[in-house]
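# A look at the structure
Spelled out, the chains give:
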Amino acid sequence: MFGEFLKRLTAPTPEPMVDDDARLALGALLVRLARADGHFDADEKAQIKAILEQRFALTDASALLTDCETLEAEAPDTVRFTRAIKDAVAYEDRLGVITAMWQVVLADGVRDAQENSLMRMVAPMLGVTDQDSNAARRRIEASQ
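Here's a quick rundown of the structure. (Residues numbered from 1 in each chain as written. Predicted model: local features only at pLDDT ≥ 70, side-chain atom pairs only at ≥ 80, totals over all residues. Heavy atoms only, no water.)

In contact at an axis separation of 9 Å, helix α5 (residues 78–88) and helix α7 (residues 113–125) are set at 40° when each is read in the N-to-C sense. Of the two elements, α5 crosses α7, and the hand of that crossing is right-handed. Mapping the contact onto sequence places Thr-78, Val-79, Thr-82, Arg-83 and Lys-86 in α5 and Leu-118, Met-121, Val-122 and Met-125 in α7. Of the residues that constitute the contact of α5 with α7, the class distribution is 5 nonpolar, 2 polar and 2 charged. (Axes fitted to C-alpha atoms, helices over the stretch in contact; angles between N-to-C directions. Helix = DSSP H or I, 4+ residues; strand = E, 2+ residues; numbered from the N terminus. Left-handed = near helix turned anticlockwise from the far one by under 90°. Contact = heavy atoms within 4.5 Å. Nonpolar A, V, L, I, M, F, W, Y, C, P; charged D, E, K, R; others polar.)

Okay, here's the thing in C-alpha cells:
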C-alpha cells in the first residue's frame, strides 16, 4: 500500500517531504515508538491522534492514524526510516518530531526501558542533539 512512498523516502537523495508524506512519516514513527514496549494502548493512540491533529490542523486524525499504523508495519528498520526522515525534513521540524515522540513516551505515565532506548537511538539519527532532546522531554514533563 505504501510501497511508492517508502521508495521515495529511502531514495539515495530524497526530496523534501510534502505535507501528506510528512504526516505519514511522523505518525508512523510515533506508532513505532509507542509499540516499542510491546503495548500500544488507548492512551498512546489518543496522544498520537492529538499530536497529528494539532501539528497538521486536522479536525479528526483517526483515518490518518490508521494509515500510520499500516505504514509503520511496512516501513524499513528504524535506522533507515529515521535517516530518511532526517534527509527530507528541516531541523526545526525534526525537533518537533522529537517533542512529539516524548509526548507519546510520557502519555501513559511510564518511561519504559524500550521506549527510552529507542529515544536515545532515534534522536541522533534524526540529527537532533541530546541537549535539544532532553530539553524537549523536560518541557513535556513540566507541562503534565
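The biggest cluster of nonpolar side chains holds 41 residues, and the ones touching the most others in it are Leu-29, Leu-30, Ile-48, Leu-52, Ile-98, Met-101 and Leu-126. Listed by contribution, the elements that provide at least two residues to this core are α2 (19–35), α3 (42–55), α4 (62–74), α5, α6 (91–105), α7 and α8 (130–143). If near-sequence neighbours (up to four positions away) are discounted, Ile-98 is found in contact with Met-119, Val-122, Ala-123, Leu-126, Val-128 and Ser-133. (Core = buried A, V, L, I, M, F, W, Y, C linked by side-chain atoms within 4.5 Å. Buried < 20%, exposed > 50% of the residue type's maximum accessible area, 1.4 Å probe, protein only.)

What follows concerns the environment of Arg-83. Its place among the elements puts Arg-83 in helix α5. C-alpha of Arg-83 to C-alpha of Met-125: the two residues are 42 residues apart in sequence and 5.7 Å apart in space.

The interhelical angle for the contact between α3 and α4, taken along N-to-C directions, is 115°, at an axis separation of 9 Å. When the interaxial angle is binned, α3 and α4 end up roughly perpendicular. Note on packing geometry: the crossing formed by α3 with α4 is right-handed. Between α3 and α4, the residues in contact are Lys-45, Ile-48, Lys-49 and Leu-52 and Ser-62, Leu-64, Leu-65, Cys-68 and Glu-69, respectively. Across the contact of α3 with α4, the residue classes break down as 5 nonpolar, 1 polar and 3 charged. (Parallel < 35°, antiparallel > 145°, perpendicular 65-115°, else oblique.)

Turning our eyes to something else, we now look at α8. For α8, spanning 14 residues, the distance from its first C-alpha to its last is 20 Å, which sits close to the expected 20 Å at 1.5 Å a residue. Along α8, the residues that are buried comprise Ser-133, Ala-136, Arg-137 and Ile-140. Relative to the axis of α8, the buried residues are bounded by an arc of 100° and lie together on one face. Counted as exposed and oriented over 90 degrees from the buried face of α8: Gln-131 and Ala-142. Packed against the buried residues of α8 are α6 and α7. (Expected span 1.5 Å × (residues − 1). Arc of directions from axis to C-beta.)

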